[in-house]
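Residue-level structural notes
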Amino acid sequence: AIRDGIIAAYYDTPEGGLQPQVRFYDSGDLPETVLSAYQDAVSNGAQIVIGPLHKDSLEVLADRIPLEVPVLGLNRLATQTHVNPGLYQFGLAPEDEAREVARLAWRRGHTRAVAFLPETSWGERVYEAFAAEWELLGGRVLEVQRYDPGKADHGPELKNLLNLDASKSRHQKLTQTLGRKIAFVPRRRQDADFVFLAASPRQARLIRPQLKFYRASDLPVYATSRVYSGKPDSSKDADMNGIIFCDTPWTLEQRANWDHLQRSINEFWPNTAVRYARLYALGIDAYRLVPYLGRLDEGMFGAYHGVTGNLSLSDDGHINRTLRCAVFRKGLPVVLDADATDTQAAITH
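Predicted model only: the values in this text are computed from it and were never measured.

1. Regarding the state of the cysteines
Scanning the entire structure with this criterion turns up one disulfide. Paired by a disulfide, cysteine 246 and cysteine 325 hold their sulfur atoms 2.1 Å apart. As the torsion about the S-S bond is roughly 85 degrees, the cysteine 246-cysteine 325 disulfide counts as right-handed. With a gap of 79 residues between them, cysteine 246 in strand β8 (residues 243-247) and cysteine 325 in strand β12 (residues 324-329) connect regions that are remote in the sequence. A relative accessible area of 0% means that cysteine 246 is categorised as buried. Overall, cysteine 325 belongs to the buried group, its relative accessible area being 0%.

2. What to know about unusual backbone geometry
Of the consecutive residues glycine 51 and proline 52, the connecting peptide bond is found in the cis state with omega at 5 degrees. Assignment of secondary structure puts proline 52 in the loop between β1 (49-50) and α3 (55-62). The linkage connecting isoleucine 65 with the following residue, proline 66, adopts the cis geometry, with an omega of 0 degrees. Residue position: proline 66 is located in the loop between α3 and β2 (71-73). Even without a glycine there, the phi angle at arginine 215 is positive, about 65 degrees. Along the chain, arginine 215 falls in the loop between α8 (201-213) and β7 (221-223). Positive phi outside glycine occurs at lysine 330, with the angle close to 55 degrees. Tracing the sequence through the fold places lysine 330 in the loop between β12 and β13 (332-335). Using a relative accessible area of 74% as the deciding quantity, one classes lysine 330 as exposed.

How each quantity is defined
Residues numbered from 1 in each chain as written. Predicted model: local features only at pLDDT ≥ 70, side-chain atom pairs only at ≥ 80, totals over all residues. Heavy atoms only, no water. Disulfide = S-S within 2.5 Å. Helix = DSSP H or I, 4+ residues; strand = E, 2+ residues; numbered from the N terminus. Buried < 20%, exposed > 50% of the residue type's maximum accessible area, 1.4 Å probe, protein only.

In structure tokens, the structure reads:
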């Protein structure tokens, strides 16, 4: 899908626009083979290399200093002992979305969060990125609960998250003190401003109604793009009404400058266009970024408005993404107003 996104962007080049020759090389399944593929590309006259995709392969090129020609890697290294001036790192890291959610919640006046995440490595990665950004902004995480993504009933975990068991305990103590039965309505915690939810569409469709059942219908829920399949489906997603999430402009927006490209991708790759929509977008932006890489070091005011987000370059060679955010209404994602997300000057394509 990434490769086909590059191809789609290549053939979408405006008349008279820069259209470099493109060649594809198989980097292989082993990290060692990426170096020979890179060397072949350089020997054949490549002036810049897009890829590889896998982190292990990217690490091999990150350790090669100097790189004969620049590399726009399609992933992000978790740890890096040095900065390679010839290496740019660009990918759809879920951590980017978690940080975006934290910034959005903070701009909306929230300061105290509770988090609900699956017991998976992905859930931990997303939560750690959210928590780090949230605390950097000045926010507090009051409670973290983890759930089994294979189960449908998350009642015990949600009751702990919302402190409903504490409410029940207070009722029992009061009953014992007074020596008689008293009317009781469980009361959820009142100190949390919102829930940070890490979940797939299937999980989110189960969790959102359960939050309502446990008296948290008025508690805002923020999530990453994982909650959205990428295909509008009002009947399936009605249970997620009210969930706010951040995603790529390609998935959320209909724009005149790329709707024709979406139609082409849907026509040529109908079986994968929706399922891998974000990966097609990654390929499109990777190709289109090439002429602007030298200009992205001007900070946020040198950002490129791409289909994966507003893109800017940090000092360590990372391409950072600012996303668009939306809320589910009547089962459909509705893009939030511009003042609800970061605004910045950008290079438009």
